[in-house]
Every structure is written in C-alpha cells, then in structure tokens.
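Topology and contacts: notes
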Protein chains: 4
Amino acid sequence: MPMSSTRGRDVDEYLRLAGTQKLTITYVIETHRQEDFVLGSSELARITGARIVNGAHEGFGHGDIRLKDREELSFGGLRLRALHTPGHTPESLCYALYIPDSPERAWGVFTGDALFIGETGRTDLPDPGKTGENAGRLYDAVHEKLLPLGDQALLYPAHGSGTVCGGNVADRDESTLGLERLYNPVFTKTREEFMAAKVKERLPRPPYFAVMEKLNSAGSIALARRPEEITVLQPEAFSREMGRGIVIDTRSPEAFSGGHIPNALSIWATGLPVFGGWVAGPDTPVYLLLESPGALDEAVLALARIGVDGVQGILAGGFEAWRDAGLPIETSGTIAPRELEARLDQFRVIDVREDSELEEGHIPNAAHLYVGYLDRHLGRITPPLDKSRPIAVTCSVGHRASLAVSLLQRQGFPRVENLLGGMTAWSALALSRETTPDYPVTTTDVEGPRQ
Amino acid sequence: MPMSSTRGRDVDEYLRLAGTQKLTITYVIETHRQEDFVLGSSELARITGARIVNGAHEGFGHGDIRLKDREELSFGGLRLRALHTPGHTPESLCYALYIPDSPERAWGVFTGDALFIGETGRTDLPDPGKTGENAGRLYDAVHEKLLPLGDQALLYPAHGSGTVCGGNVADRDESTLGLERLYNPVFTKTREEFMAAKVKERLPRPPYFAVMEKLNSAGSIALARRPEEITVLQPEAFSREMGRGIVIDTRSPEAFSGGHIPNALSIWATGLPVFGGWVAGPDTPVYLLLESPGALDEAVLALARIGVDGVQGILAGGFEAWRDAGLPIETSGTIAPRELEARLDQFRVIDVREDSELEEGHIPNAAHLYVGYLDRHLGRITPPLDKSRPIAVTCSVGHRASLAVSLLQRQGFPRVENLLGGMTAWSALALSRETTPDYPVTTTDVEGPRQ
Amino acid sequence: MPMSSTRGRDVDEYLRLAGTQKLTITYVIETHRQEDFVLGSSELARITGARIVNGAHEGFGHGDIRLKDREELSFGGLRLRALHTPGHTPESLCYALYIPDSPERAWGVFTGDALFIGETGRTDLPDPGKTGENAGRLYDAVHEKLLPLGDQALLYPAHGSGTVCGGNVADRDESTLGLERLYNPVFTKTREEFMAAKVKERLPRPPYFAVMEKLNSAGSIALARRPEEITVLQPEAFSREMGRGIVIDTRSPEAFSGGHIPNALSIWATGLPVFGGWVAGPDTPVYLLLESPGALDEAVLALARIGVDGVQGILAGGFEAWRDAGLPIETSGTIAPRELEARLDQFRVIDVREDSELEEGHIPNAAHLYVGYLDRHLGRITPPLDKSRPIAVTCSVGHRASLAVSLLQRQGFPRVENLLGGMTAWSALALSRETTPDYPVTTTDVEGPRQ
Amino acid sequence: MPMSSTRGRDVDEYLRLAGTQKLTITYVIETHRQEDFVLGSSELARITGARIVNGAHEGFGHGDIRLKDREELSFGGLRLRALHTPGHTPESLCYALYIPDSPERAWGVFTGDALFIGETGRTDLPDPGKTGENAGRLYDAVHEKLLPLGDQALLYPAHGSGTVCGGNVADRDESTLGLERLYNPVFTKTREEFMAAKVKERLPRPPYFAVMEKLNSAGSIALARRPEEITVLQPEAFSREMGRGIVIDTRSPEAFSGGHIPNALSIWATGLPVFGGWVAGPDTPVYLLLESPGALDEAVLALARIGVDGVQGILAGGFEAWRDAGLPIETSGTIAPRELEARLDQFRVIDVREDSELEEGHIPNAAHLYVGYLDRHLGRITPPLDKSRPIAVTCSVGHRASLAVSLLQRQGFPRVENLLGGMTAWSALALSRETTPDYPVTTTDVEGPRQ
C-alpha cells in the first residue's frame, strides 16, 4: 500500500505499519521541506538505520542520497524516478513509481505538494512577491514532468482536503492523472489564467510556517514528549498552573458555549494541527481540556507535528471535574440562523473565514477578519467593535467561529454569539446574502510569525 | 474471576468471556428476579445449552435446577451453597462459594441484591406498605445466613454504586464480610433502627420496574435488535421521523445547553440505564442523538437492558450535522454557582434530587420535585411555577438537572438554567444552604408505572 | 471510500462502517450472482430497509430495482451507470461511477468478476463446454463497455489476489483502466488468443460453487449462528463429539506436524474460505481447533460465507489443552528442500498444486493431483501410492500440502511429509526441476459437487 | 482499583491508567528491591514528578520519602501504613490501607513479596546459608505485623501464580488475610515446621537475579528501546546477523518441533520473563522469531523487564517467511505419553522440572536436571547422555521441555523428543510413575549468575 503521509515526528505509526506488514524500512523519501509540519525523517532514520532520500537542491540538503531530476532508485523490484517540480518550493520533487508489470509507463506518482486532487500547492510561500512567477514554474513542471506520465497513473499527493498548503483540495482520497486532467485548474486553465488565479488566491500564512521551515531545513527533531508523559492535573492544580500559558478547550462549540474555563481558547480537536499554531508558539505553555482522556494522544501529537511542544498538562476529568469543583465558569452565546436573521439589526456580525470563502457571499453588513488575525489585528475592523453591542461570529460551520468567540471574549467583549452551522446552515436555509467584490484583504498580508 | 453482573439480555459479553477464558458455560445462576434490568438467562441457556439455576420459591420458578436453602451445586472442584435471604424480594438467594483450599469456610459469597458494599437492597419493592417488615426479614437473613460465613469471605454483590436497588452503595468494587461488619448499616444498627431507617428511606420507583418484574418472572426475552442494526438517519430524515416518538440527547449538559433539537430530552450516556426508563416505555419510539457513533452500542444496550426496545434510529453525524443543515435549534441556560447565589432573588430554584439527598441541605427557598416526577407531577410544586420568571434547576452535579431543564423546556418554560456542578459545586464553595426537616415526600409516593 | 467487498452474509461490517461514516444504506448493489460466497444482500436489506439493485437478466432476478444496460442510478450527487458485461456469468454487470467534478468521464468502475487487476473472471463456470465462447463474450464486453470509459478510470473489482474466480489476479489493491490496458491479458492478447488461453486454463471448481449458485439465485440467507454462539467444548467433550463430523485444525503446518488430533484436517486460517468448502458441505458437523480464541470469529465467518453452517464447537484451550489432557495425538512429518533432494529416490513425491502452477516446473518424477481431489480421486495417481514408502507432499509454500498430508494420513498412509516452503523454497534454492508438457489434467474435470 | 504490579520499566501502562482514571500520580510506592524485574520507579518519577516512597532500611535507599515501621502516608482521604516485614529481603515493607469507612481496621494490605496467596516469599535470596533464619524472621513478621490486621483485610501481593519469588503461589487473584489463615503454610505450620520447609524448598535462582539486585539497589533505569523501535529483518538479513547472538523462537512446542531455525532456542511467549533471563544476559544480542507481529511488544517488554536489553531484530514474516525462502531448517521430535511408555526402554528420559515438582513422582528411570542448568551442567547427569540413543525430555506440560530440546539439539544431540503434555498428561493417563526420595538437588546449588 503506497502511503504518503504528513504524520511527521511521531514516527511510531510508520514503525508499527512496517512491523505488521513485515517490511524493513530502508529509505525515508522526502518530496520537499514541509512548512506545515515537523519532519520525522531523521528520527525514523535514527531508529531504523534507513537512509534519507531527497533532491539535489542546495536549499534542502540533509539527505543521505540526493537524487537529480529523472534519477532513479530501485528496491523490491520497483523503480522510483525523481522528477523536479519546483513552484510550491524551489526544491520540490515528485516521484513516479514503475512496477514490473508496467516498466515503461508509471503505475503511480507521489506528487508531494505539487499536485493535489483538484488543486495545486500554493506558490506564495517562498516569496509572496513572486507568487505568480512561481505559479508559472509550477504550471510548467506539472505539464512537462507529470502530464507525460499518462492518464493511467495513480495519484499520491502529500495532503488531502483541509491542508493549508493548497486552497481547495477535493475531499476524496483517490485519483489519477487522467482524472486531474479533467477538472484540476492546472489543466483546465491556461498558464496565464493559472498564474493570475494563484496571485489572486489569498491563503492564510500561519505563524508556525516560518518555524517549520527553519526546523526542517536543518533536518528534523525527535518528539519532545510522548502523549502519555503529559501530566494529569486535578482541577485545582490545573487552575493554579494554567495562568502560565494558555488553555485550549477541544470540546464542541456548543459545549464550549454552555460553560468553559475563563480565557480558554476553543479549538476543535481536528482543528488543532492548524489553529494550534496560530495561538501557540513552540514554547508556549499549553494546558489542554479534552472531550475525553482518549483524545489525548491525537491532541498532543497534532500540536507536536506543528512544533508546539509546550503542552504542560491535561485537566483530569475534563470540564465535568472542573464544574463539580465549583471553579470559575464563563459561558458564551450561540444563535441559530433564523434567529440571527430576524434580529440582524441588533448584532454586529463578523465573518472569520478566509478571503476566498467570502466570494460565495456573506451575511449582509458582516465585517470580515480572518480568525487567525482576530487576536492581533482586531483594529482593522471598521467601524471598530463596540463592547455594548452584541456580536455574532460566523465561519463555515461554527468551529473557527468558536475560536473567534473565545478570542473576543478574552479581549473583554461581554456578549459574543456563535452562529450555529455557520454559512453552511445559512445557505441551506437560503437566507439573505450579499457579495462584496473588493473586500479588504485580511488573510495573507501580515508579515512575520507571531512574536 | 468471579463475575456477578447486571448485563442481562445482551449475553454476548458472557459468551466472549467464556471463549477467551476457555470456559464452557454449563449453569446460568440467578439470585432473584431482577426489577432493574431484563434477565438474559433464557437466551444464554438457549445458545449454550446451559441449565438455569435458581431457588425453590414459587414466585420465580422458570429454572431447570431449583435449589432449596442450603442446597449445594458442585462444578469444577467448587461448591456453591444456596442461602435463602428474603427481604429485598421474597425469593432472593445468596450463594456461598467453597474452594478446595478452604472446604469448610466460604471463600466468597454472591449476595445478589441482599447485601451491597456499604448498603443493603431496598425492601419497599414487593409492597411499600411492608417495607419495615421486609427490612426485618432482610436483617434476619443477613445476620443468620451471611454473617456466620465469616469475616474472611469476599463479597460479590449484584450491583455497585449508582444502582436503583439500594440507597447508598459505596463507590468501591471490593469488600469482605468482615469489612461490611464494620460500617454497613445492617451490622452497625440494631434490628429496630435498621427497620426504621428502611421505612424512612424514600427511593424512587422507576416505572420500568413493574415491566421488568413481569418479564423476568416469565423468563427472559432475547434482544430485539443488535445495536448495529439501528438505522442511521440523515438529519432531514431524522427530523421528519422524530415526531413519532421522543429524542434522547446523550451529550453533556453544557453541549445540550449550547444548542439542541427542540423538545429533545437530555440524558447523559451513563444515565440511560435508569432515566431512559423514566421517559420511555417498552414500545416508545426513541430517536438517539449521541456524542459519537462509537457510543451507539452502549446506548442501545443500556435501553434494551431495561426493556426499552423501541430505538428507531440515530442521527447521522450527531448534532454537528443537524446544526450544519440549518435545522431548528433551541438553547437553554447554564449558570455558575456564585452567579446564582448573587441573583438568587431573581430565580425560582428547583431541586430535582432524591428525597434523601436533601437531608444534607439545599439552596435556600428551593422547591423540590424528583426529576422522575417532573413531567407528570409538576403541579405539586407550590407555589406553581411561573413562566415569566427564570428557573434554575439543580441536582448533585448537573446531569439530572439537564434532564429536568429539557422536560421543563418541553413544557413551555422559556428560561430554564442548569446550575453547573450542582450541589457538589455549591457545597465546595460553601455557599449558603438550608435544611428543611419535613420536606414533602416527592420521590416514592407515586403508585404505578407510567401509562 | 469505494468498497466492493466479498464479505457476504456477515453484514455487520457494512452496518458498522455505515455507522462510523455517518451513512444511511439505501441501496445494496449487486454485480452478479456469486459462486464463491453466500450473498448478504437480503439480510442487509431487511435490516436497513435498503433496496436491492441488480440487473434485468432473468437468471438473477430478486432485486427491487433491476437496471438495464446503460441505465443509471443517482444518489448523493453521484451517478452509477450499469454496464452489462456477460462472460463470467450471463447476467454480470459492471457499474461506472460519475462524480460532479467529472460528469462526462467515469471516475471509476466497479467491475465485479469481469475485470480484475491483471486478470479477468473465469469463463468456465456456467458451462465448461462453453468456456471459449464465454471468453469471447467477456472479451467483447470488456472492450466495448469498459475500455471506452478511459484510462483515467479507477478500478474496483470484486476480488483480489487469491480468489477462485480468476486464475492469476495480481497482489495489488489499486489500478486503473489505463494500467490494465498495459498488462492485462484481455488487452494484450487478441480475441482468439484470449479465448484459447481461457480454454486452456484449468481452474479448480470447488464443490460449494454449486451450492452458492443455488442459494444466491434465490436471494441470500441470514447467518445461521454468530461466532460467539459457537459452543466452547472442553477437551474431553470435544473428543467425545468430534466423531460426528470433521475436525479442522487451523494452526500452522509446522504445528500440525509436531502434534495433532488423529484424523484432523489441516487448513490454515486464511485458506478456510476456499478449502473449507472442499472438505465440508453445508451441514457437515465441523469441530474447530484454532491457534487462539481470537481467531474464532474469522474462522466461523469464513466458513459461513461459503455456506458451511455446521460448526458445532471449538476446542477450549486449543491444542495445548488437548495435549495436557493426555488425549490421543498423532504427528506427521516435515522435510526441508535440500534434505528431500538428497533423498529423492526414497520418497514418492506428490504435487497438489493447480494444473497451471505446474507449468513452471515440478520436482522430478512428482505425481500430480490437485489437493481438492486428493480425498476422492486418489486412485488417479499412477502408479498407485504404496503405504510402505514415505510420501513427500508439496504445493507452493506448504499450506495446501499440509491439508494433503492430513488427508493422506486419514486414509491410512503412515509416513507423509510436508515439503516446508514448497516449490517457492525449492525454486529459491534452484534445486532441480522438470517440466511435463502434457500433464494429465486433474483440476477441473470432475463434474458435480461433493456428495 | 488497587493495583500492585510487577510491570516495572515499561511505565506506559501506569501512565495510561492514570490518564483514563483521571488520576495524578503523586507517589511511587515500593515494597522492596525486586530481584525478578527491573524497577520503573525512577522513570515514572521522572515523567510525572511523583515522589518515590520506600523504607528506611539502609540497603535500599533511593526513595524521596523513607518510611519507618508503622509510619503513615495520607492521600486522597486514605491512609497507608508501612509495616516492616523482613525475611524475603531485609528491607521488605508491607502497606496496610485504611479507608474513611474503616479508619481503625485495615481495608486491605499490599504485601509485596512477603505474603502471597497460598504462599510466602522465598527466603533464600539474601544468603542461601541463612534461608531458615530468614524464614523465621518472615514467619514472625507475618504473625506480628500482618495477622493483627484482621481476617477482613483484602490481600494485594506483588506476584501471582508463576512467580519465581515464591514456590507455590495459588492460581487465584483475590484473597483476604482471613482466607490465608485457613490454608497458607505460614499460618498452618508451626514456626519450626515453616522454617524447615523453607530450608528444604529448592527454588531455581535465575542468573538475572543478581543483575536485577544491582540495578534496583541503585534506582531504576529507563527502557532501552521501545518495542516498535526493534528492527524488522527480512529472512536473509536475519540469517546473516543472527550468528552474533541467539535466536529465541516463541512459537508453540509443536510448531518448533515441526520446523525451526538451526540452533534457535524455544521459549514460549509467557515463559520469556523467566527463561529469557536463563539464556541471555543484559547485552546478549537476541533475535526473535514470533508467532505473529502482534506479539512483539509483549516479548520485548518481557525481556526488558528482566534486564535483557539486547534485542536486535525480529524476523519479518515469522517462520513462514524463513521456510518459503528456502533457508536452513531443523526439526525435532515430539512423542505422546502412551507411545513413550510403550517404548520406554529405547529412550533416555530427562525430567527438567524444579526439584520440588519431582516429589509427586517422575517417569521410571528418568534423569533429572533443571532446565536452567541443562546448558552448563549437562555433565551432572549420570550416566552421561549418549548421542546414539534417543532422548525424551519432559516437564509439566511441554514448554520447558521444548527449551530443553532446543538446548540439547544445540549441543549436538541428534534425536531429542518432547513429551507432549508432559507429566500433566502422563498423570492424567495414570501411567507408571516412581518417586525418588533423595533426588540429587539440581535446582539451587549453583552459585553465581551466568558469566
């Protein structure tokens, strides 16, 4: 089973899989330096004695075997051919796989962050000023290197739907080059259209990207602590210690609304690998409140993968224990779509989605600021928010809005409500929307990482 | 490993355990007809060919082998001696176990609902008018039949903490007769004190008790449907069908508060084996909203064990799917203890705990009605509730209060808030309490089962 | 995730998957009547209320919706187009799937038993005399109906490597039509070559095929017993009862050799879905000796899927318990390749592989009889076997040979040895082989099912 | 749930349990330096910040809190009282636990290696010459410190059945002081009888005991490698590397007999925590052949717990892969009890059980040498073994005999057979036995650890 994964530092899954599949790991093969998670290559190589394989590019050179464009590696009767496909990053490689049954035409291709299902990798990362130029390079690489592999080739990209490395990856796991040719913009657009679209695309650049780049260029680092080593803190101890850092509450938006620890930030469990990096740096002390103890591993690893290594403890017994101990509790509001529409004049509405998501319309008069910037750039909202007026926050379904609610509440806004179901429910009910063609850009124009 | 369990109808666990422990099941041994769950004896006997063993009492006579008092059964080198210990029910048996290393003195004793850890079985079930008389019989049986077995005997009761078959079972799993002798009221009180205490004890009598008694006296019935056979309903379909019955929402009180399906009843997952039977009869169509799909099995089996066989479907995708579909949502309130105390004059407070729990004090001026009667006997609260005034509901921690909130909301009360952490948090904060010596009894004085 | 599976009667996995994936099962879609496992369609439809979809062919007509060639079914934004592809069976359908991103060209195709990875379905089943004719029909259907779908289409066949429904399926899970076009014989051969190859192909026809056909044509039947309902028999009881039927021992060939129950048949666990049907009919009482209790489910379900419903019990504690009870034990021999070569003149060698496997060569002077016929057609071996001379049995690795050893031992041959590693090890060591061009056919020329 | 466990270095289970039980680990409480596994205290304390609690004895002094006899520790409403109970080792402590319901009389007692179910700790370890004297000290401690705790007290010893720290621990998990008083030799014998019995008791002293003592006296060490970090070796690589150390084959005795790697040692999986330490020292390179990849964790941890840290790799694909690669294979024999009895004159029989096990009788004319000494003290068997005569080896059921077979085979004996079912089967069949009153002692009279 081909597996191209973004698991990164917690290499146990690779080790386990090799064990159950009776495989010896002999090569750790990298497509490019990743920006969205810490690589686990060195750790995996250290444990297994495998050799690290990557490209010949000078910017990413810690590999034991460095393949040039079209150079090949053979193992187990298979041939893997490196294809240099710059654009997302300068050193990006794809790898075409040839099997004995089909030695001439590729069986499949590992496309890294060059080609996703329905999308290509973003091209703004190396230098926002060269987004278009890099888009052109990516377009050329895909057409010159990948397209000739043939329609039959199976596609194994490095990310699926939800990645921050591409704008609009399809929510499917399987594809072929021939399928991509039918609908992927890199094939349906001209080179000029493609470049223009990439320039116009405004994707958030999470602050941890810069950290990842630095770490990964120097080779990877081992996991700081395994999840089971995280301290279990009883409510009183949690309460005493949490002031040293931030509390992240991974329960559902509704549960957060019904009661939460004051100043806790609401990030749903599967949002941690992205939004954990917007609110915490590598060393920020993090205190976790989880839905259940079983959620610990994934939460800690999700943060570790993006370099957030400072998890200090989890709350023993979760919110129930906190609540029963009589410790301080805050609530926040939720509001259903029809109710908000009926009372729209009473609310200030803030839409915290990405810029591109607003193209399909937004709630009339909604202000816009991407959730990632809400904490530091609240002043961009005009007219400024007024603490005496209720605020309704929306995103696509209510998850990012819940983080926004928690950020605003922490900033002292007394009445903030989460639009349940977000714009998905709003649209399903066909409530009134408007479109603002030239919304002020809020997603990508912030320079560096969080200080 | 001795196992005396209340698993009942879903006999798979017995079968699995026998398989992994390499045991052939040859006897299914019953202590008494149970009132709080449907027996699985007949089903287990049908599958395994085992023989059902119980007592010689005429009121419970479907066994293949019917043991008289002090009669013995031998198997695998062990001897099991039946001890007739009436009081909880007239036919109750305990079973003392003798092992080869100790053929004269009991190694342990399976005490059914006669003797629990720190408690005895309630004695009001056969006839509330004979509670004291039956308490005397139980006292005699425990002293004459169990006590002589000796301090060394390990205790294996049929229930642990949380059972509805005894008032105040300790939250520990292991004990001995010698330990019970030190603190169990049946040993620390005189016969007269014990009888008086049992008469004074006012335990709720869930409506499903009568159903269980009837079913179990006639032998058990097989599981109506296995959990995986329950239909998965998409939100729109769930919405269309749910009107035929009731919706039970097993999420946390906070999540329920932050958003729920209109008229849904809030019962936390581990509360289903008791409170499911207060709100649903054997054939009530039940629609389930679960925290996660993984909770399905336990929820369906919990209901089945108390004879609630009408589960019609689960909501695909849980509340998140409902919310994102833009379907109707209600919210309810939560309130923290200090906030309630500060605003106590604005609220009408209802305490929905059992009578006995109020002895340790309640919130000043709180009205009292056990949660089980809230739906049908709301009129008992004096002065009557007023829809224009906010209501705060409390129990021990907030679970039963959440059910109460949902019941009151369904009755049309517009503003009902759940005291988070309940009296546990209230006490932890040492907020003001009062005690009402002769609170009107609300828990046990209702006659029959729900119609 | 597309899933085309041969799970059949034990529909729980479909139900579980639907639950965790939040899916309502609305259609049960069949490609053709299967011969190698009992369908679970009716059972799944009964539980879920789903409708059964299949083709318009008169020979397979229990569906609720019967699609004509090129007729479509739409659900969840997808379109599924039926393609009549006879050849394997007259009614065989494939289904091309179209997604919104690619409404004109197929995203993938469910190919049933028409097209496998690297292979096509066998064409001898409906009528051995029309194998070539049906191969021609299959060739035409694949070329006319599937090929035009395009290279890009993902392939989802009903079977993978190891199936008895096709000769030489590749040991990979993923493919595309474009890949098949490169190496699949149906594309690399001419129509005439393809027909000739199919005629020459001599695949075993297990006796249970006829049973499956009858059952499946009439709609499916529910599982007779769930695995956990199988009786656990202590060694003495197992010993008493096993004479009523057959004992199947699923341990490894080495363990079987080192000690086994007299007359037990050796079938490795993953061989049960095929070889269980060679040694047991629908009602044969079967007694199982498993490697561990955890293997029970899969063993019982594997047999149930091919209609073997007579499993009566498993041996509690496995062979260890049997051995420690001092019950009768037999051993059989194993021999390593180099040792056999050195002593080849002392042994009579029997090769029990399929006819086609012998084309790559066999041990010099080996007799050949397919393992499935060893029990009933031993007389075909010439010169006849001699009980005074040691026998060495071989297959590809030693699994089927272990069954052969057990069958021969049951027939009274006193010294039978299993060539460990079989022809795989023999070839790896480059020991001497010979090829017999016109080996007598032994695999397919037996008419009906086992009586 | 009280848990007194010998898990030792792999502290993950403690961490996991604390997490799921919502507990903060604040104390790591030790009863005594252990000889039979490496302590994990320091590692657990390092991860959790917990403090290590042990006794005031100078010989075992790495604790943060060192309790004197009858000194107490309080936490979570519980009181734990240290009781100095020397005899097994000089510093041994027991801990009596008092709960609020029973503040005067012990609820239970953690007895370390002082008192087991049906047995006491061996007293020969500190100094074989003082076995009787230490037995007297242990007798006194049990009678003076434990007995007064009362019959009601639950018993939580450090080991169960199978431990090497006591001779004859009962195969049950639960007991009370009152039960022990009925059958435990420390209570049923007089002090003199007890001392005499201990002196006569001849328990093996595995070579790793000395290593453990040294390690544990200095505080514990962390796990060298996690199981998933063990290298997966393909058959050829395994074959090349295994010569650097020893191969341990954990399959069943029957499977070992049917085929194994030349010179591999046969140790069944649950025998590793004892017999692994007889054949491998701390740094011996160990190559593992497992029944299945899933057995890896337990095998590696079992060895690590007794300080065997040199596991170098596991064989990918197990014996099946080895066999199919055509690599060298040896077989060994098995023999059923009745067959051996019938041919007793042809065999030399060796009984490899412990001295004490021979008291119940042995096969006529059997020689005796404990399996642990078979490799180094074979010369003690008189008359010496003769390579031209077949050898039958027996133990209780065939596991230790399988190790003995492999050791003898490695020493060049060409025909060695394992008596299947061992003396258990032999006795079950009532075959002829004899008793040799003064068998030469072979189990305990060897001085130091393996060099």
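Residues numbered from 1 in each chain as written. Chains lettered and ligands numbered in written order. Predicted model: local features only at pLDDT ≥ 70, side-chain atom pairs only at ≥ 80, totals over all residues.

When its secondary structure is counted, chain A shows 15 helices and 20 strands. By the compact-globule yardstick of 22 Å for 451 residues, chain A fits well, its C-alpha radius of gyration being 23 Å. Its C-alpha atoms give chain A principal-axis dimensions of roughly 70 × 50 × 35 Å. For chain A, the proportion of its 451 residues judged to be buried stands at 56%. The contacts in chain A between residues at least 6 apart in sequence include a share of 71% that link residues at least 24 apart. (Helix = DSSP H or I, 4+ residues; strand = E, 2+ residues; numbered from the N terminus. Rg over C-alpha atoms; globule rule 2.2 N^0.38 Å. Buried ≥ 20, exposed ≤ 12 C-beta atoms within 10 Å, placed from the backbone. Contact = placed C-beta atoms within 7 Å.)

Moving on to the domain arrangement of chain A. Residue and element names in this part refer to chain A. Each assigned domain of chain A is listed with its residue range as follows: domain 1 (12-215), domain 2 (227-321) and domain 3 (333-428). Taking only C-alpha atoms, the centre of domain 1 and the centre of domain 3 are 36 Å apart. Facing the 6 residues of domain 1 at the interface are 5 residues of domain 3. When its residues are assigned to classes, the side of domain 1 that touches domain 3 shows 3 nonpolar, 1 polar and 2 charged. (Domains from an automatic or database assignment. Nonpolar A, V, L, I, M, F, W, Y, C, P; charged D, E, K, R; others polar.)

We now examine the interface of chain B and chain C. The partner chain C presents 23 residues to the 22 residues of chain B that form the contact. Breaking the side of chain B that touches chain C down by element, the ones donating at least two residues are helix H1 (12-21), helix H2 (41-48) and strand S11 (231-233) of chain B. Top element by residues in the side of chain B that touches chain C is H1 of chain B. It accounts for 6 residues. Looking at the side of chain B that touches chain C residue by residue, the class counts come to 10 nonpolar, 7 polar and 5 charged.

The partner chain A presents 25 residues to the 25 residues of chain B that form the contact. Among the secondary structure elements, those contributing two or more residues to the side of chain B that touches chain A are helix H9 (253-258), helix H12 (318-324) and helix H15 (422-428) of chain B. Examining the composition of the side of chain B that touches chain A, we find that 5 residues originate from one element, H9 of chain B, more than from any other.

Attention now moves to the sheet that holds strand S15 (residues 311-315) of chain C. Residue and element names in this part refer to chain C. A sheet is described by the order of its strands in space; here 5 strands give the open sequence S11-S15-S14-S12-S13, paired in parallel fashion. Each having just a single partner strand, strand S11 (231-233) and strand S13 (265-266) make up the two edges of the open sheet. One ladder, built from 3 bridges, connects S11 with S15; its direction is parallel. Following the sheet pairing, Thr231 is matched in S15 by Gly313. (Pairing = 2+ DSSP bridges.)

It is worth spelling out the relation of the copies chain B and chain A at this point. Take chain B, turn it by 180°, move it 0.0 Å along the axis, and it overlays chain A with an RMSD of 0.0 Å. Such a combination of turn and shift is consistent with a two-fold rotation axis. Residue Ala255 of chain B, judged by its C-alpha, is the member of chain B lying nearest the rotation axis, at 1.8 Å. (Least-squares fit on C-alpha atoms with pLDDT ≥ 70 in both.)

All names here are of chain A. Neither face of strand S20 (residues 416-419) is open: one carries Val416 and Asn418, the other Glu417 and Leu419, and all of them are buried. Two strands pair when backbone bridges link them, and strand S16 (residues 333-335) and S20 are joined in this way by 3 bridges, in the parallel orientation. Residue pairing in the sheet places Thr334 in a bridge with Asn418 of S20. With helix H14 (residues 399-410) bridging strand S19 (residues 391-394) and the parallel S20, this β-α-β connection has right-handed handedness. (Right-handed = clockwise from strand over helix to strand, strands pointing away.)

Least-squares fitting of chain B to chain C yields an RMSD of 0.0 Å, with the superposition described by an axial translation of 0.0 Å and a rotation of 180°. Interface overlap between copies: 100% of the residues of chain B at the interface are likewise at the interface in chain C, consistent with a symmetric, same-surface contact.

For Thr188 of chain B, the position within the fold is in helix H5 (residues 185-188). Along the chain, Thr188 of chain B and Ser239 of chain B lie 51 residues apart, while their C-alpha atoms are 55 Å from each other.

Moving on to the pairing of strand S17 (residues 348-351) of chain D. Residues and elements named next belong to chain D. Alignment of S17 against strand S19 (residues 391-394), held across 4 bridges, turns out to be parallel. Looking across to S19, one finds that Asp351 is bridged to Thr394. Bridge analysis of S17 against strand S18 (residues 367-368) gives 2 bridges, and the strand direction is parallel. Paired with Asp351 across the strands is His368, a residue of S18.

Residue and element names in this part refer to chain A. Every buried residue of helix H7 (residues 208-217) is accounted for by Tyr208, Val211, Met212, Leu215 and Asn216. Viewed end-on, H7 has its buried residues packed into an arc of 120°, placing them on one side of the element. Where the residues of H7 are buried, they touch helix H10 (272-279). (Arc of directions from axis to C-beta.)

Let us now look at the UniProt feature "domain: Rhodanese" (unreviewed entry) in chain A. The UniProt record annotates "domain: Rhodanese" (unreviewed entry) at residues 241-331 and 343-435 of chain A. End-to-end, the C-alpha atoms of residues 241-331 of chain A are 21 Å apart, and along that stretch the chain is 35% helix and 16% strand. (UniProt positions renumbered as here; feature names shortened; annotations may be inferred.)

All right, on to the sheet that holds S18 of chain D then. Either a parallel or an antiparallel arrangement is found when strands of a sheet pair, and the pairing is made through backbone hydrogen bonds. Residue and element names in this part refer to chain D. Spatial strand order, S16-S20-S19-S17-S18: 5 strands in an open sheet with parallel pairing. Each edge of the open sheet carries a strand with a single partner, namely strand S16 (333-335) and S18. Packing against the sheet, helix H14 (residues 399-410) makes contact with S17, S19 and strand S20 (416-419), and its axis sits at approximately 175° to S20. (Axes fitted to C-alpha atoms, helices over the stretch in contact; angles between N-to-C directions.)

Turning next to the environment of Arg251 of chain B. All names here are of chain B. For Arg251, the location among the structural elements is in the loop between strand S12 (246-249) and H9. Separated by 41 residues in the primary sequence, Arg251 and Ser292 have C-alpha atoms spaced 9.0 Å apart. Beyond its immediate sequence surroundings of up to four residues, Arg251 is in contact with Phe256, Glu291 and Phe319.

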